[in-house]
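An overview of the molecular structure
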Amino acid sequence: MEKIGKILFTKEDIEKRIKELGEEISLDYKDKDLILACVLKGAVYFTVDLTRNIKIPFILDFISILSYGSSKNNQGIVRITKDLDINILGKDVLIIEDIVDTGLTLSYLIRNLQTRNPRSIKVCTLLDCPGRRIIDIEVDYKGFEIPNYYVIGYGLDYKEKYRNLPFIAILEEF
Ligand code: 5GP
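What this report covers is the structure whose coordinates are included nearby. Predicted, not measured: the structure shown is a model, and the values here were computed from it.

**Considering the environment of threonine 125**
- Inspection of the secondary structure puts threonine 125 in strand β6 (residues 120-128).
- As for threonine 125 and alanine 43, which are separated by 82 residues in sequence, their C-alpha atoms are 8.3 Å apart.
- Threonine 125 has contacts with Phe46, Glu97, Asp98, Ile99, Val100, Val139, Tyr141, Lys142 and Gly143, leaving out every residue within four places of it along the chain.
- Looking at threonine 125, its side chain comes within polar contact range of the main-chain oxygen of leucine 127, at 2.8 Å.

What follows is the structure, given as C-alpha cells:
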C-alpha cells in the first residue's frame, strides 16, 4: 500500500514560484516565436498555471510520450504516442515537463524535436532531481530542485492517481 507522505511544496509555494517563472519567460521570449510544448500528462497542471502567468503571445501544444518501465523504473525506451499538432520549424520551443529525473525522456524528446529544425529548444521543468540523472541534461527553467524522492501531486501520479493533489508530497510505501 501507499500513502501521502511529507508535503514538500504547498499550493502557495507552487503558485509563488510559477508566477516568478512566468515573469522570467515573458521577458526572455518577448521578441521570439514561443511555442509551449506540454508533455502529457504530468505537466498539465503546471502548464495551465504557467500560461496564466506568461504575458506575451504564444502557441500551446501537447505531446505525449510513453516511457517503458514504470515511472519509477525508467529504462530509457521512449515512444511518442501523441505528437505535436503544429510545425515547429523556425520557432522557439519551450518544453514543459513535470520532473526531470534520469533525463532519459527529455533527452529523447529534445533529439526528436531537433530534427524538425526549430530556431531554439529550451526546457522548463517544475521539479528537477539532479541526483538521479543518467544523462547529463541541463534545464533552462526550474521550479524546484528535489532530492531523490518519488513525489506525487500537482499533476504527478502514482499509478495514475494523486494528480489532483494541490501540493507536492513524497510518496510513502509500506
Ligand atoms: P526521466 O527519468 O526520464 O527524467 O523521467 C521521466 C518521467 O518519469 C517524468 O516526466 C515523470 O512523468 C516520471 N517521473 C520521474 N520521477 C518521478 C517522481 O518522482 N514522481 C512521479 N510521479 N513521476 C516521476
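**What about the packing of aromatic side chains?**
- Here the structure, examined in full by the defined rule, presents three aromatic pairs.
- When the ring of phenylalanine 9 is compared with that of phenylalanine 144, the centres are 3.9 Å apart and the planes differ by 15°; the resulting orientation is stacked. Within this pair, whereas phenylalanine 9 is found in strand β1 (residues 2-9), its partner phenylalanine 144 is found in strand β7 (residues 141-145), the two being separated by 135 residues in sequence. Across the pair, phenylalanine 144 and phenylalanine 9 agree in class, each one buried.
- One Lys or Arg, lysine 32, reaches over the ring of tyrosine 29 and ends 5.7 Å from the middle of that ring.

**Focus on unusual backbone geometry**
- Here the bond from leucine 40 into lysine 41 is cis, since omega is -10°, no more than 30 degrees from zero.
- Along the chain, the position of lysine 41 falls in the loop between β2 (34-40) and α2 (44-51).
- A positive phi angle, close to 55°, is found at asparagine 117, a residue other than glycine.
- Look at tyrosine 162: it is not a glycine, yet its phi comes out positive at around 80°.
- Positionally, tyrosine 162 belongs in the loop between β8 (151-152) and β9 (168-173).

**What about α2?**
- Looking at α2, one finds that the buried residues are Phe46, Thr47, Leu50 and Thr51. Considered in projection along α2, the buried side chains sweep an arc of 125° and stay on one side of the axis.

**Concerning the site of the ligand**
- Near the ligand, the surroundings consist of 17 residues, among which Asp101, Thr102, Thr105, Val151 and Asp157 are the closest.
- Residue isoleucine 99 places a main-chain N or O atom 3.4 Å away from an oxygen atom belonging to the ligand.
- In the complex, the protein chains occlude 91% of the 510 Å² of accessible area that the ligand would expose alone.
- The set of elements that each furnish at least two residues to the shell around the ligand consists of β5 (92-100) and α3 (104-114).
- Here the element with the most residues in the shell around the ligand is β5; it accounts for four residues.

**Structural notes on the sheet that holds β9**
- Read across the sheet, three strands follow the order β1-β9-β8 without closing on themselves; strand pairing throughout is antiparallel. Each edge of the sheet is formed by a strand with only one pairing partner; in this case those strands are β1 and β8.
- Direction of pairing for β8 relative to β9: antiparallel, over a ladder of two bridges. From the neighbouring strand, valine 151 faces β9, where its bridge partner is isoleucine 170.

Criteria and cut-off values
For every chain, the first residue of the written sequence is number 1, and numbering continues from 1 along that sequence. This being a predicted model, a pLDDT of at least 70 is required before a residue's local features are given, and a value of 80 or more before pairs of side-chain atoms are given or counted; all residues contribute to the totals for chains, interfaces and linings. Just so you know, side-chain values use all the structure's heavy atoms and leave hydrogens and water out. Helix and strand definitions here come from DSSP, where helices need a minimum of 4 consecutive H or I residues and strands a minimum of 2 consecutive E residues; each element is numbered from the N-terminal end. The contact criterion used throughout is that any non-hydrogen atoms of two residues lie within 4.5 Å. Nitrogen and oxygen atoms within 3.5 Å of one another constitute a polar contact, given that in protein one can donate a hydrogen and the other can accept it, and given that sequence-neighbouring residues count only through two side-chain atoms. The rule is short: rings of Phe, Tyr and Trp, with Trp giving its six-membered ring, pair when the centres are within 6.5 Å, and they are stacked under 30 degrees, edge-to-face over 60, tilted in between. Here the term buried applies to any residue with accessible area under 20% of the maximum for its type, exposed to any over 50%, and partly exposed to those in between, with areas from a 1.4 Å probe on protein chains only. Both a distance and an angle decide whether a charge sits over a ring: NZ of Lys or CZ of Arg must be within 6 Å of the ring centre and within 35 degrees of the ring normal. Throughout, the arc means that of the directions going from the helix axis to the C-beta atoms. Throughout, near means a residue has at least one heavy atom within 4 Å of the molecule or strand. Accessibility throughout is a Shrake-Rupley quantity obtained with a 1.4 Å probe, and a residue counts as covered only by protein chains that appear here. At least two DSSP bridges between two strands are needed for those strands to be called paired.

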